[in-house]
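The chain contents come next:
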Amino acid sequence: MSQGMVYNIQRMSTKDGPGIRTTVFLKGCPLRCPWCSNPESQHNEPQLLYFANLCTGCGACVQACPNHATSLENGLSKQRFELCQNCGACAEVCPAKAREMSGKIMQVEEVLKIVLKDTLFYENSGGGVTFGGGEPTQGGGNGEFICDLVEASHGEGLHVTLDTCGACPEDRFQRLLKNVDLLLFDCKHMDPEAHKNITGVDNKIILQNMAAALTSKAEVKIRMPLIPDINDSADNIAAMATFFKKFGKHEIEIMPYHTFGMKKYDALGRPHPAMRSYTPDELLVVRDRFTQHGLNTVLA
Ligand code: SF4
Ligand code: SF4
């Protein structure tokens, strides 16, 4: 069985599919969405997060760091991210949990052992396991890891959900489809050029995989991160309606942009995304655009 990079395993989750679930977050994503609320999920390597608000100024990290990437200033730790090699030595000694490493190599069996702890809850609630990211079909390592995770979970009789943007080689996606019960499938933009400009990758393979999912035996929920002035134009919504109605899909789960992930940008030493949230009135106007094209919107 294979191994890969996992950055979080959340038990008792109720938001990533039906019932009570365990959500396994794989690290790494081929897209670079500027609104990402889990920026630590993008790179397929361990990364240090430093939460300055938790620092008590003990200085243990200064002693531990072999790269002089941290120092004490005004009684608190100051991080120089440009010197940091993400070795994790400071996180091991920080007593205040102001420093943590995101990303750990895990074996399929290790992940499954954790997932199976809550089998009774899944049975009683109609839940199961969800694989998310990052982009689980490409993150976590090579594609074998997610394929093995999905196959092993399905083999245990679990309901399997894949939370994906669809940026996945076709043959791997077909393999995954055989063992997935539900896809939470992101739709970011219908225009290939706009998709590439925003995320760094065009949407050819994504739309191809989406069509494959929508004609498969798996249940599919379309989800859209809704970003002011980025993907909420009447033209884009009309193109979505044309595409999805061909497959009998008339409902989109929308995820309006929020700023909940900003602390993580600070903790990674990255600038905040240059995005804004909708006002309630603006959101009503945008939702009405979907209605006009025959698509019902549900807040995810
Ligand atoms: S993770 Fe970065 S800051 Fe921490 S000890 Fe390693 S190099 Fe230094
Ligand atoms: S080890 Fe933790 S609490 Fe101590 S100075 Fe460093 S970041 Fe702050």
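Quick caveat, the model's predicted, so the values are computed rather than measured.

J.: Would you mind showing me how to read the domain arrangement of the protein here?
T.: Interfaces are frequently sized by the accessible area removed from exposure as the parts join. The domains assigned to the protein are domain 1 (3-45 + 103-299) and domain 2 (48-102). Between the C-alpha centres of domain 1 and domain 2 there is a distance of 32 Å. If you look at the interface, domain 1 gives 9 residues, while domain 2 gives 8 residues. When residues of the side of domain 1 that touches domain 2 are assigned to their parent elements, the largest contribution, 4 residues, is made by helix α10 (residues 262-268). Taken together, the residues of the side of domain 1 that touches domain 2 break down into 3 nonpolar, 2 polar and 4 charged.

J.: Sorry, what's going on with the sheet that holds strand β8 (residues 128-132) here?
T.: Think of a sheet as strands paired side by side through backbone hydrogen bonds, with each pair either parallel or antiparallel. Spatially, the 9 strands line up as an open sheet ordered β7-β1-β2-β8-β9-β10-β11-β12-β13, and their pairing is mixed. A single partner strand is all that each edge strand has here, and the edge strands are β7 (104-107) and β13 (296-299). Along the sheet, successive strands turn relative to each other by an average axial angle of 35°, direction set aside. With 4 bridges joining them, strand β1 (residues 3-13) and β7 adopt antiparallel strand pairing. Residue pairing in the sheet places Val-6 in a bridge with Lys-104 of β7.

J.: Would you explain unusual backbone geometry in this entry?
T.: Most peptide bonds adopt trans geometry, and most residues besides glycine take a negative phi value. Between Gly-133 and the following residue, Gly-134, the backbone shows a cis peptide bond with an omega angle of 10°. Turning to its location among the elements, Gly-134 is positioned in the loop between β8 and α5 (143-155). The phi dihedral of Met-12 falls on the positive side, at around 60°, and the residue is not glycine. Here Met-12 lies in strand β1. Met-12 gets classed as exposed once you count the C-beta atoms within 10 Å, which come to 11. One non-glycine residue, Asn-74, lies in positive phi territory at about 55°. With respect to the element layout, Asn-74 can be found in the loop between β4 (70-73) and β5 (76-79).

J.: Help me out: how do you make sense of the site of ligand 1 in this one?
T.: For ligand 1, the set of nearby residues contains 13 residues, the closest of which are Cys-65, Ala-69, Cys-84, Cys-87 and Cys-90. Among the residues forming the shell around ligand 1, the class breakdown is 8 nonpolar, 5 polar and no charged.

J.: Even after reading the chapter, I still don't get the environment of His-258, so can you show me in this structure?
T.: Tracing the sequence through the fold places His-258 in the loop between β12 (251-256) and α10. Overall, the presence of 13 C-beta atoms within 10 Å leaves His-258 in the partly exposed class. When the C-alpha positions of His-258 and Pro-225 are compared, they lie 9.8 Å apart, and in sequence the two are 33 residues distant. Sequence-distant contacts of His-258, defined by excluding residues within four places in its chain, comprise Ser-37 and Ser-277.

J.: Would you mind going over the packing of α5 against helix α6 (residues 170-177) with me for this structure?
T.: Packed helices, taken two at a time, are described by the angle between their axes plus the distance between the axes. At a closest axis distance of 9 Å, the pairing of α5 and α6 adopts a crossing angle of 10°. Overall, the two elements α5 and α6 adopt an arrangement that is roughly parallel. As α5 packs across α6, the resulting crossing turns out to be left-handed. Between α5 and α6, the residues in contact are Gly-143, Ile-146, Cys-147 and Val-150 and Arg-172, Arg-175 and Leu-176, respectively.

J.: Help me out: how do you make sense of the environment of Ala-234 in this one?
T.: Its location among the elements puts Ala-234 in helix α9 (residues 234-245). Note: C-alpha distance between Ala-234 and His-293 (59 residues apart in sequence) is 9.1 Å.

J.: Explain the pairing of β8 here, please?
T.: Two faces belong to every sheet, and in a regular strand the side chains alternate between them. The element β8 is extensively covered by neighbouring structure, given that 5 of its 5 residues are classed as buried. Bridging between strand β2 (residues 21-26) and β8 involves 5 bridges; their strand directions are parallel. Looking across to β8, one finds that Arg-21 is bridged to Gly-128. The pairing of β8 with strand β9 (residues 159-164) spans 4 bridges and is classified as parallel. Pairing of Phe-131 across the sheet is with Leu-162, part of β9.

J.: Can you help me understand the packing of helix α3 (residues 108-115) against α5 in this one?
T.: Where α3 contacts α5, the axes come no closer than 10 Å and their chain directions differ by 40°. As far as their axial angle goes, α5 and α3 are oblique. Where α3 crosses over α5, the handedness of that crossing is right-handed. Contact residues: Val-108, Val-111, Leu-112 and Val-115 in α3; Phe-145, Asp-148, Leu-149, Ala-152 and Ser-153 in α5. For the contact of α3 with α5, the class distribution of residues is 7 nonpolar, 1 polar and 1 charged.

J.: It is not clear to me how the environment of Lys-78 should be interpreted in this structure. Could you clarify?
T.: Among the secondary structure elements, Lys-78 is positioned in strand β5. With 14 C-beta atoms counted inside 10 Å, the residue Lys-78 sits in the partly exposed group. Sequence spacing of Lys-78 and Ala-167 is 89 residues, and the spatial spacing of their C-alpha atoms is 37 Å. In this structure Lys-78 touches Thr-70, Ser-71 and Glu-73, once residues within four positions along its chain are discounted.

How each quantity is defined
Residues numbered from 1 in each chain as written. Chains lettered and ligands numbered in written order. Predicted model: local features only at pLDDT ≥ 70, side-chain atom pairs only at ≥ 80, totals over all residues. Domains from an automatic or database assignment. Contact = placed C-beta atoms within 7 Å. Helix = DSSP H or I, 4+ residues; strand = E, 2+ residues; numbered from the N terminus. Nonpolar A, V, L, I, M, F, W, Y, C, P; charged D, E, K, R; others polar. Pairing = 2+ DSSP bridges. Axes fitted to C-alpha atoms, helices over the stretch in contact; angles between N-to-C directions. Buried ≥ 20, exposed ≤ 12 C-beta atoms within 10 Å, placed from the backbone. Near = placed C-beta within 6 Å. Parallel < 35°, antiparallel > 145°, perpendicular 65-115°, else oblique. Left-handed = near helix turned anticlockwise from the far one by under 90°.

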